[in-house]
Amino acid sequence: MAKRQFKAESKRLMDLMIHSIYTNREIFLREIISNASDAIDKLAYKALTDDKVGLNREDFKITVVIDKERRTITVSDNGIGMTKDELADNLGVIAKSGSMDFKSVLDEAAEVDIIGQFGVGFYSAFMVAEKVMVLSLAYGEDTAHQWVSTGADGYTITLSEKATVGTDIVIQLRPDTEGEDYSAYLESHTLRRMIKKYSDYIRYPIELDGETVNSMVPIWQRPKSEASDEDCFAFYREKFFDMEDPVSVQRISAEGTGVSYRAMLFYPAQVPYNYFTKEYQAGLALYSAGVLIMEHCDALLPEHFRFVRGVVDSADLSLNISRETLQQDRQVKTIAASLEKKIKSELARLKDKEPEQYQTLYESFGIQLKYGIVQNFGAKKDLLSDLLLFYSAKQEKLISLQGYVTNMGADQQYIYYACGENKAKIAARPQLEQVLDAGFDVLYMTDEVDEFVVSMLASYMEKEFRSVYDDNLGIESQEQQKETEKLQEAEKPLLDFISEALGDKIAAVKLSHKLKSHPVCLGTQGGISLEMEKYFANLSKQQGGEPVRAERVLELNPDHPAFRRLQATFETDPEKCKKYASLLYYQALLMADLPVENLPEYVELTWELL
Ligand code: ADP
């Protein structure tokens, strides 16, 4: 029979696996047992609603048998089994569960801990096996099939016989070499230790020599004294294919009103590579009385906390609940509401008690919290606003809104913020100076969504937000304002002249005392800010539609030499005055990080006036 070939990347990975000097070969058993447990989960779930399965929760088990003569270890399960097609599909493509883009990984990281990182699962058997046989009878099928492979050169699938539904994985060990004692895996005590170490929490009995080896208590059901944070992190890394430890594990045991449940939640440090794609499956694994109901129950997690991962286990859920009606289930809703509160309080705890950890998490998922504030007309803004962090110009680090407000002096009216593409660009904006000089802190907002967040919040702890680009910053005294108005009146002919010269580029020209060392800046009037204009410009580039334009106000610094130049040329050489005005306008655009509309003209003007 012709050998079938593994798919291309599978071959390379297989090769790596076989020849790797992987230090932790013994985890192959954990991978095989974990697959067996998953297969049992599937049939156990079916058994809840389908009498034909004919098995009860107690009937399920995993058996490990050693044959010293044949040098084999056989792991058997009475789970769902695989059809001929499934054998080819599931075992013909390495790492089908696809937690990573293998191509890129294979190039750079030949010696990395591939197995540990990606849970390539089944294939790890080839670290110790010269040959692997998989004999399987799928639930609902009459005929069994056998899959056989000796590694990289492909596999065969043949018709075979098996009396009961389930799968036997037969691992034929390699001969011992000088460096590696494969025969050790033929010793009961070795396998017993490996099962205890890696598979103790598997919820079905794992029998070896007629005895159950594992304690079967899942990690989330154990008291803290029997499951250290380290243990939980290891569980997390394996279950969620993350190389990095989460920033925190939260154990929840909720009793009473409505439903009782236990949960173990993890707060990841880094963004999963597919987090912002449709591929990412949010939700928590939902168990009921030890049966896995759903791997990713998204009804348990609100959108704004979708980065949280973990497990929920409740004996109170009705067992014959179908996955389709789960979303509507009253008890699931009760658990979800309770979890939302617990998650909020854990995040708040991290923020206050473990700020560094929180910052790591926030840098990864802060944007998700921000979207949460904007969505649904701000329905969750009170829940989420305490969790926000923004960069403080004064303290030069991320701070919370509460941190900002508690540092405000009695003379400060507003929470000042400045939007822009990045910190450096914001720091260069002329409008910042006045606020900082007055001794007030400014929050830098560099995410596109920030401006929407601020307008949704409107205020925090009864302090209104105010953009430093805003006209009225509440800093100038009434006297100063009066003085500016007077000056404005006196210079009206010049300002009108400039306004006319610039035409519809701007909506107004005015004098402003908020500019300290800068000659000019661009402000706005009306509801649309320059940052919103930029946001919509990007959006219309991507999705079409009309860009929105802010009403620009050219603000001139009357104390600056540039203004005096305008005054002088207005009298003597109006044509030149126009050119100065244009130049100042272009500079204001640049300082506001906006594109210069007519670059050749700008360059020409600069040369001419130089
Ligand atoms: P993963 O478990 O991460 O999906 P594996 O390579 O370990 O990746 O397994 C690939 C697939 O093969 C599994 O998803 C499952 O569908 C199938 N499989 C493996 N072992 C068994 C088993 N004992 N019973 C039924 N299906 C299995």
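Let me begin by describing the structure that accompanies this report. (Residues numbered from 1 in each chain as written. Predicted model: local features only at pLDDT ≥ 70, side-chain atom pairs only at ≥ 80, totals over all residues. Heavy atoms only, no water.)

### Observations regarding the overall build of the protein
At step 1: Across its full length, the protein holds 20 helices and 22 strands.
At step 2: The C-alpha atoms of the protein give 33 Å as radius of gyration, which overshoots the globular expectation for 610 residues (25 Å, by more than 25%).
At step 3: Principal-axis analysis of the C-alpha atoms places the extent of the protein at approximately 110 × 55 × 45 Å.
At step 4: Every one of the 610 residues in the protein was classed for burial, and the buried ones make up 50%.
At step 5: The contacts in the protein between residues at least 6 apart in sequence include a share of 69% that link residues at least 24 apart.
At step 6: Within the structure as shown, the protein displays about 29100 Å² of accessible surface, and the carbon and sulfur contribution to it stands at 48%.
At step 7: Positive and negative charge centroids in the protein, built from 70 and 98 side chains respectively, lie 1 Å apart. (Helix = DSSP H or I, 4+ residues; strand = E, 2+ residues; numbered from the N terminus. Rg over C-alpha atoms; globule rule 2.2 N^0.38 Å. Buried < 20%, exposed > 50% of the residue type's maximum accessible area, 1.4 Å probe, protein only. Contact = heavy atoms within 4.5 Å. Areas by Shrake-Rupley, 256 points an atom, 1.4 Å probe, with all protein chains shown as cover. Lys, Arg positive; Asp, Glu negative; His and termini not counted. Charge placed at Lys NZ, Arg CZ, Asp CG, Glu CD.)

### Side note on the packing of helix H8 (residues 330–353) against helix H9 (residues 355–374)
At step 1: It is the contact of H8 with H9, at a shortest axis distance of 5 Å, that shows an interaxial angle of 125 degrees. Our classification of the angle between H8 and H9 gives oblique. H8 and H9 meet at a crossing whose hand is left-handed. Contacts between H8 and H9 pair Leu 347, Leu 350, Lys 351, Asp 352 and Lys 353 from the former with Pro 355, Gln 357, Tyr 358 and Leu 361 from the latter.
At step 2: Here the residues of the contact of H8 with H9 are counted per class, giving 5 nonpolar, 1 polar and 3 charged. (Axes fitted to C-alpha atoms, helices over the stretch in contact; angles between N-to-C directions. Parallel < 35°, antiparallel > 145°, perpendicular 65-115°, else oblique. Left-handed = near helix turned anticlockwise from the far one by under 90°. Nonpolar A, V, L, I, M, F, W, Y, C, P; charged D, E, K, R; others polar.)

### Focus: the sheet that holds strand S19 (residues 463–467)
At step 1: Strand order in the open sheet formed by 6 strands is S15-S14-S17-S16-S19-S18, with mixed pairing between adjacent strands. In the strand order of this sheet, the two ends are held by strand S15 (397–400) and strand S18 (459–460), each with one partner.
At step 2: The pairing of strand S16 (residues 415–419) with strand S17 (residues 443–445) spans 3 bridges and is classified as parallel. Bridging across to S17, Tyr 417 finds its partner in Leu 443. (Pairing = 2+ DSSP bridges.)

### A look at the state of the cysteines
At step 1: Under the counting rule described, the total for this entry stands at 0 disulfides.
At step 2: Just so you know, Cys 419 is unpaired, no disulfide at all, and the nearest cysteine sulfur is the one on Cys 521, 15 Å from it.
At step 3: Judged by its relative accessible area of 4%, Cys 419 is buried. (Disulfide = S-S within 2.5 Å.)

What is shown is where atoms sit, not what they do.
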